[in-house]
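Listed below are the residues making up each chain.
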Amino acid sequence: MEILVIGSINIDYVSTVEKLPKKGETLHANSFEDSAGGKGANQAVGARRLGANVSMIGAVGKDAIGGRLKDSLAREGIDVSRINTVDVPTGNAIITVDKNGDNTIVVYSGANFEIDNKWIEDSEELIKKSDIVVLQLEIPMDAVVYSAKVAKKYNKRVILNPAPAKELPQEIYQYIDYITPNETELQELTSIENIELGVKELLGRGAKNVIVTLGEKGCYYLGEEGTHVVDSFKINAVDTTAAGDSFNGALAVALCQNKDIKDALRYANAVGALTATKKGAQTSLPYGKEVEKFIIMK
Ligand code: ADP
């Protein structure tokens with residue numbers, strides 16, 4: 001079970017404040033935390049904790065935080081040999097959250113945007129030995145399209161999590177086996193509000209299977225294995241950060257295990273739901289044993 005994630009590695013700086021700052025205003029934070037993030041890294045850690053062999057292609061800066069993030073991925077047991085260290089700061093997100101849970105987020109792509117086609121090309125050996133390749137949109141679009149194209153050249157299955165939503169070039173659809181937008185991303189990709197029609201639009205563009213994640217409602221699938229609406233699990237949601245990332249990591253693991261799509265989606269729902277029961281991004285990603293127990297208990 002070899003999963004390759006090609007994507008972003010970030011550090012998130014999170015301050016909690018009474019109210020969000022206005023232009024020119026200086027506020028004192030009530031608390032502060034930094035935590036490892038980036039959709040690529042979250043999905044890689046998510047899949048690894050479920051028992052898969054995981055490699056990552058990505059980039060961090062030469063700064064101390066870049067080294068720390070790469071080391072922490074290596075400690076998870078992820079192959080970090082193709083995480084480049086470049087002369088641009090590590091990607092970060094500066095987040096303020098007020099007492100109502102509203103937030104402001106400024107993302108600096110930094111090193112993530114140094115991933116180019118050459119780096120992907122030089123990493124072809126990893127693509128060749130993987131069973132499934134997982135992509136998101138926090139690295140340059142050219143690199144995403146090229147990665148998907150190379151993966152298809154070697155007949156690998158490709159999952160594209162189109163987050164954060166960006167317009168996709170038509171070329172990429174032919175390389176995508178599973179595209180996994182949430183409801184907002186589906187609307188942004190298609191300009192269509194109705195979920196079923198939006199999904200059909202993506203199939204029309206050439207994606208083979210579409211999975212729309214629906215938060216507490218679970219997910220909706222349309223593709224080669226028919227249509228399925230798969231309910232999520234009832235939980236007490238504490239923080240849904242990284243729920244989508246863990247869902248994608250789990251989907252990759254389940255597909256590698258050749259589960260049929262319904263079972264794969266049930267498993268991914270369980271992992272997404274469990275992630276929502278804990279605070280934080282990578283800290284909230286569950287391990288395989290926890291997921292098994294959770295599914296049995298439900
Ligand atoms: P994103 O985090 O990308 O916005 P969603 O909110 O759709 O994505 O969540 C991804 C998946 O996580 C859902 O499809 C579902 O399986 C699970 N999930 C998220 N929130 C909840 C919740 N409150 N209760 C149960 N499952 C949830």
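As the structure is a computational prediction, the values presented were derived from the model and not from experiment.

Chemist: Looking at this structure, I do not really get the overall build of the chain. What am I missing?
Modeler: Along the backbone of the chain there are 11 helices and 13 strands. Here the C-alpha atoms of the chain give a radius of gyration of 18 Å, agreeing with the 19 Å that 2.2 N^0.38 yields for 298 residues. Counting all 298 residues of the chain, 52% fall into the buried class. Once local pairs closer than 6 in sequence are excluded, the contacts in the chain between residues at least 24 apart make up 66%.

Chemist: Is there a simple way to think about a negative patch on the surface in this case?
Modeler: A contiguous patch of negative charge, built from E224, E225, D260 and D263, is present on the exposed surface. On the secondary structure map, E225 appears in the loop between β12 (219–223) and β13 (226–230).

Chemist: Just checking my understanding: could you explain the sheet that holds strand β1 (residues 2–6) for this structure?
Modeler: By way of backbone hydrogen bonds, the strands of a sheet pair with one another, either parallel or antiparallel. Read across the open sheet, the 9 strands follow the order β5-β4-β1-β8-β9-β10-β11-β12-β13; overall the sheet is mixed. What marks the edges here is a single partner per strand, and that holds for β5 (79–86) and β13. Two strands pair when backbone bridges link them, and strand β9 (residues 157–160) and strand β10 (residues 178–179) are joined in this way by 2 bridges, in the parallel orientation. Along β10, the bridge assignment pairs I159 with Y178. Packed on one face of the sheet, helix α5 (residues 141–153) meets β1, β8 (132–135) and β9 and runs near 155 degrees to β9. Most of the contacts of helix α9 (residues 243–256) go to β9, to which it runs at about 165 degrees, and overall it touches β1, β8, β9, β10, β11 (209–213) and β12.

Chemist: In this structure, what is going on with the UniProt feature "active site" (unreviewed entry) in the chain? I would like to understand it.
Modeler: Sites flagged by UniProt as "active site" (unreviewed entry) map to D245. Among the secondary structure elements, D245 is positioned in helix α9. Sequence-distant contacts of D245, that is, excluding residues within four places in its chain, are made with K39, N42, Q43 and N161. A distance of 2.9 Å separates a polar atom in the side chain of D245 from a polar atom in the side chain of N42.

Chemist: Would you take a moment to explain the site of the ligand for this structure?
Modeler: Surveying the vicinity of the ligand reveals 17 residues, the closest of which are T213, G215, G218, S232 and N269. Within the side chain of N182, a nitrogen or oxygen atom sits 3.0 Å from an oxygen atom of the ligand. Within the backbone of G244, one N or O atom sits 3.1 Å away from an oxygen atom of the ligand. Coverage of the ligand by the protein amounts to 82% of the 550 Å² it exposes when considered alone. Broken down by class, the residue content of the shell around the ligand amounts to 7 nonpolar, 9 polar and 1 charged.

The rules we used
Residue positions within a chain follow its written sequence, with the count starting from 1. Reporting in this predicted model follows two pLDDT cut-offs: at least 70 for local features of residues, and 80 or more for side-chain atom pairs to be given and counted; totals over whole chains, interfaces and linings ignore these cut-offs and use all residues. Based on all heavy atoms of the structure, the side-chain values leave hydrogens and waters out of the count. Helix numbers and strand numbers start at the N terminus; a helix is a DSSP run of H or I with at least 4 residues, a strand a run of E with at least 2. For the radius of gyration, the atoms used are the C-alpha atoms, and the globule rule reads 2.2 Å times the number of residues raised to 0.38. Categorising residues by exposure relies on relative accessible area from a 1.4 Å probe, with only protein chains included: less than 20% of the type maximum marks a residue as buried, more than 50% marks it as exposed, and the intermediate range marks it as partly exposed. The contact rule is simple, with two residues in contact once any of their heavy atoms fall within 4.5 Å. Patch membership is restricted to residues that have no salt bridge and whose relative accessible area is over 30%. Joining uses 9 Å for like charges and 5 Å for the nonpolar side chains Val, Leu, Ile, Met, Phe, Trp and Tyr. Note on areas: these come from Shrake-Rupley sampling with a 1.4 Å probe, and a residue is covered only by the protein chains present in the view. By convention in these notes, a salt bridge is any Lys or Arg side-chain nitrogen within 4 Å of a carboxyl oxygen on Asp or Glu. Positive: Lys, Arg. Negative: Asp, Glu. His and the chain ends are not part of the count. Throughout, a charge is located at the NZ atom of Lys, the CZ atom of Arg, the CG atom of Asp or the CD atom of Glu. DSSP calls a pair of strands paired once it identifies at least 2 bridges connecting them. Axes, fitted as lines to C-alpha atoms, cover a helix only where it is in contact. Angles between the N-to-C directions of the axes lie from 0 to 180 degrees. UniProt positions are given in the numbering used here, feature names are shortened, and annotations may be inferred rather than shown by experiment. Identification of polar contacts relies on pairs of N or O atoms within 3.5 Å, with a donor-acceptor requirement for protein atoms, meaning one able to donate a hydrogen and the other able to accept it, and with residues adjacent in sequence counted only if both atoms are side-chain atoms. By convention in these notes, a residue is near a molecule or strand provided one of its non-hydrogen atoms lies within 4 Å of it. Amino acid classes used here: Ala, Val, Leu, Ile, Met, Phe, Trp, Tyr, Cys and Pro are nonpolar; Asp, Glu, Lys and Arg are charged; the rest, including Gly, are polar.

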